[in-house]
Amino acid sequence: MRLSRYFLPVLKENPAEAQIVSHRLMLRAGMIKQQAAGIYSWLPLGYKVLRRVETIVHEEQQRAGHIPLLMPTLQPADLWRESGRYDDYGQEMLRIRDRQDREMLYGPTNEEMITDIFRSHVASYRDLPLTLYHIQWKFRDELRPRFGVMRGREFLMKDGYTFDVDREAAMHAYNRHMVSYLRTYERMGLTAIPMRAASGPIGGDDTHEFLVLAPTGESEVFYDEAVTTLRLGNRQIDYDDRAAVAEICAEFTRLYARTDETHDPALFAAIPETQRKVGRGIEVGQIFYFGTKYSAPMGATITNAAGERVAVHMGSHGIGVSRLLGAIIEASHDDRGIIWPEGVTPFHAAIVNLKPGDAAADAACETIYGLLRERGLEPLYDDRDARAGEKFATMDLIGLPWRITVGPRGLAGGKVELTSRRTGDSEEMSPEAAVARVAEIYAGS
RNA sequence: CGGGGCGUAGCGCAGUCUGGUAGCGCAUCUGCUUUGGGAGCAGAGGGCCGGAGGUUCGAAUCCUCUCGCCCCGACCA
């Protein structure tokens, strides 16, 4: 993409309404525009990152064997009367009447609807296990939306629903989600720690939240520092191997890590003092096993191997997709702007032409631009007639991890400059070498 | 929902107390100069001061109502 033809409305000054850094940076980098309290338009740059995050979530869900579908945003109230949640959910649920005066709602979640789909089409244990998920916009009419997309009213969420014949099978589904989530967050450059959580209004017997450590997090967290060093890396995972999946979960939940809701001071005190940490975290996902909470009242039953009709065991598992953008920025920025992890960056590299109009600079930029695209990478080429300082400041703000700087001075010696946004380190090399280096960096991700 | 605050040009703000018909910086446009970290000079355009009603000769300014947004708390993915 050539910046001269893109739509990137960056702001030089901080918008007055944004308090926390991710909100400020998303507004300043031209990623979002607020349309009402807690409701945002996603401008091209923000939309691009949102799609990258969404794609990673899709890929990891399907890698774990989960099946995508798409349910509507608007739901009939009657479905929610069956589970009893129409009255329980309270003012957070946005209730709407259509022109026929039918009661509808903008879905805050989809347990009822997925249970309805399941009971309509599945009757036998032979069709289990089954995990269906979708990535869809939700609405929760928060009393006080804040922190930009981290606590909006409208938000994009991946929610997955597991159907199993018994508790043991359902726990495997739970574990499978935990591992797939760990992998999802790692690909986004995040360290998200699973913490035992309280169940909340969705209900559940067993539940973990995934928290990204950040000083601006909404929850207070208590953890053993060693938990922050755990990584899945690129190990092979067989998602059908119950024992192997359970072992990975054990590895990641063995160490103490809890939110203030479930914190146990006695257990915490048993951790060596130097490793005992108290901090704050942003919740970016949650997994629940809730058994027959919805299947029993809604009649989602199957016939088991013994010929008995039993309510199916369910779980629901969510990732806050739009919220993740805020969390990633909270975890990865500096005073000049965002620093995108390679896995989610909107463009793979910046090309900064320091002197548009200079034949050599223009030609070198075009060459680099073409070569990167041939390698399947998306560069953002700043071909504007602007000063160097402004170009650098813009690229720093929008946070592309790699920048190739092209100017007559370097080109006199046949060199361009490759700069890491994260470290600030620069190296001079030929245009071809810079392209090869960038391609190599992304080859793994 | 309790408490606090703010709506004036695209953005950030002053002006409101003490009424007299709107200003600054950035951005935008034009010209010249400049050109490796958000340039300089000169000029130009852009606002029924969130909305409605009221008081007044006269309202951004005072009064009433209303809408929107932000912050702290409670609540929440």
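Our subject is the structure listed above.
Residues numbered from 1 in each chain as written. Chains lettered and ligands numbered in written order. Predicted model: local features only at pLDDT ≥ 70, side-chain atom pairs only at ≥ 80, totals over all residues. Heavy atoms only, no water.

## A few points about unusual backbone geometry
Move 1: Cis geometry marks the peptide bond from Leu-128 to Pro-129; its omega dihedral reads 0 degrees.
Move 2: Of note, Asp-101 is a non-glycine position whose phi angle comes to about 65 degrees, a positive value.
Move 3: When you line up the elements, Asp-101 lands in the loop between strand E5 (94-97) and strand E6 (103-106).
Move 4: Even without a glycine there, the phi angle at Phe-147 is positive, about 60 degrees.
Move 5: In this fold, Phe-147 is placed in the loop between strand E7 (130-139) and strand E8 (154-164).
Move 6: Accessibility expressed as a relative area gives 26% for Phe-147, which makes it partly exposed. (Helix = DSSP H or I, 4+ residues; strand = E, 2+ residues; numbered from the N terminus. Buried < 20%, exposed > 50% of the residue type's maximum accessible area, 1.4 Å probe, protein only.)

## Some thoughts on the packing of aromatic side chains
How two aromatic rings sit relative to each other is set out by the distance from centre to centre and by the angle between their planes.
Move 1: Overall, the coordinates contain twelve aromatic pairs when judged by the stated rule.
Move 2: Ring plane angle 45 degrees and centroid distance 5.6 Å describe the contact between Tyr-185 and Phe-210, whose orientation is recorded as tilted. Here the residue Tyr-185 occupies a position in helix H6 (residues 167-187), and Phe-210 occupies one in strand E10 (residues 206-213), the gap between them amounting to 25 residues.
Move 3: For Tyr-185, a relative accessible area of 1% corresponds to the buried category.
Move 4: Each residue in the set Tyr-181, Tyr-185 and Phe-210 is aromatic and connected to the rest through ring pairs, giving one cluster.
Move 5: In this arrangement the basic side chain of Lys-48 is found over the ring face of Phe-347, its NZ or CZ atom lying 4.6 Å from the centre.
Move 6: One residue, Arg-95, lies across the ring of Tyr-86, its end atom 4.6 Å from the ring centre. (Phe/Tyr/Trp six-rings, centres within 6.5 Å; stacked < 30°, edge-to-face > 60°. Lys NZ or Arg CZ within 6 Å of the ring centre and 35° of its normal.)

## Topic: the packing of helix H1 (residues 21-28) against helix H10 (residues 321-331)
Move 1: Closest axis-to-axis distance for the H1/H10 pair is 8 Å, and the angle between their directions is 105 degrees. Put simply, H1 runs roughly perpendicular to H10. Between H1 and H10, the contacting residues are Val-21, Ser-22, Leu-25 and Met-26 on the first element and Leu-325, Gly-326, Ile-329 and Glu-330 on the second.
Move 2: Taken together, the residues of the contact of H1 with H10 sort by class into five nonpolar, two polar and one charged. (Axes fitted to C-alpha atoms, helices over the stretch in contact; angles between N-to-C directions. Parallel < 35°, antiparallel > 145°, perpendicular 65-115°, else oblique. Contact = heavy atoms within 4.5 Å. Nonpolar A, V, L, I, M, F, W, Y, C, P; charged D, E, K, R; others polar.)

## Here we look at the protein's contact with RNA strand B
Move 1: Around RNA strand B, the surrounding shell holds 40 residues, and the nearest of these are Arg-144, Gly-152, Glu-283, Gly-389 and Asp-396.
Move 2: Counting only the atoms of RNA strand B that lie within 4 Å of the protein, the sugar and phosphate share comes to 44%.
Move 3: Arg-28 is positioned with one of its side-chain polar atoms (N or O) 2.9 Å from a base oxygen of RNA strand B.
Move 4: With respect to RNA strand B, the side chain of Arg-323 contributes an N or O atom lying 2.9 Å from a sugar or linking oxygen.
Move 5: Looking at the surface near RNA strand B residue by residue, the classes come out as eleven nonpolar, ten polar and 19 charged. (Near = heavy atom within 4 Å. Polar contact = N/O pair within 3.5 Å; in protein donor to acceptor, adjacent residues only side chain to side chain.)

## Here we look at the pairing of strand E16 (residues 313-320)
The two faces of the sheet receive side chains in turn, since in a regular strand these alternate between them.
Move 1: For E16, a buried count of eight out of eight residues is recorded, marking the element as mostly surrounded by other parts of the structure.
Move 2: Of the two faces of E16, the one carrying His-313, Gly-315, His-317 and Ile-319 and the one carrying Met-314, Ser-316, Gly-318 and Gly-320 are both buried.
Move 3: Bridge count for strand E13 (residues 276-291) against E16 is six bridges, and the pairing is antiparallel. Residue pairing across strands places Gly-291 opposite Met-314, the latter belonging to E16. (Pairing = 2+ DSSP bridges.)

## A few points about the environment of Tyr-133
Move 1: For Tyr-133, the position within the fold is in strand E7.
Move 2: The class for Tyr-133 is buried, based on a relative accessible area of 0%.
Move 3: Discounting residues that sit within four places of it in the chain, Tyr-133 has contacts with His-58, Gln-61, Gln-62, His-66, Ile-67, Pro-68, Leu-69, Lys-158, Asp-159 and Gly-160.
Move 4: A distance of 2.6 Å separates polar atoms of two side chains, one belonging to Tyr-133 and the other to His-58.

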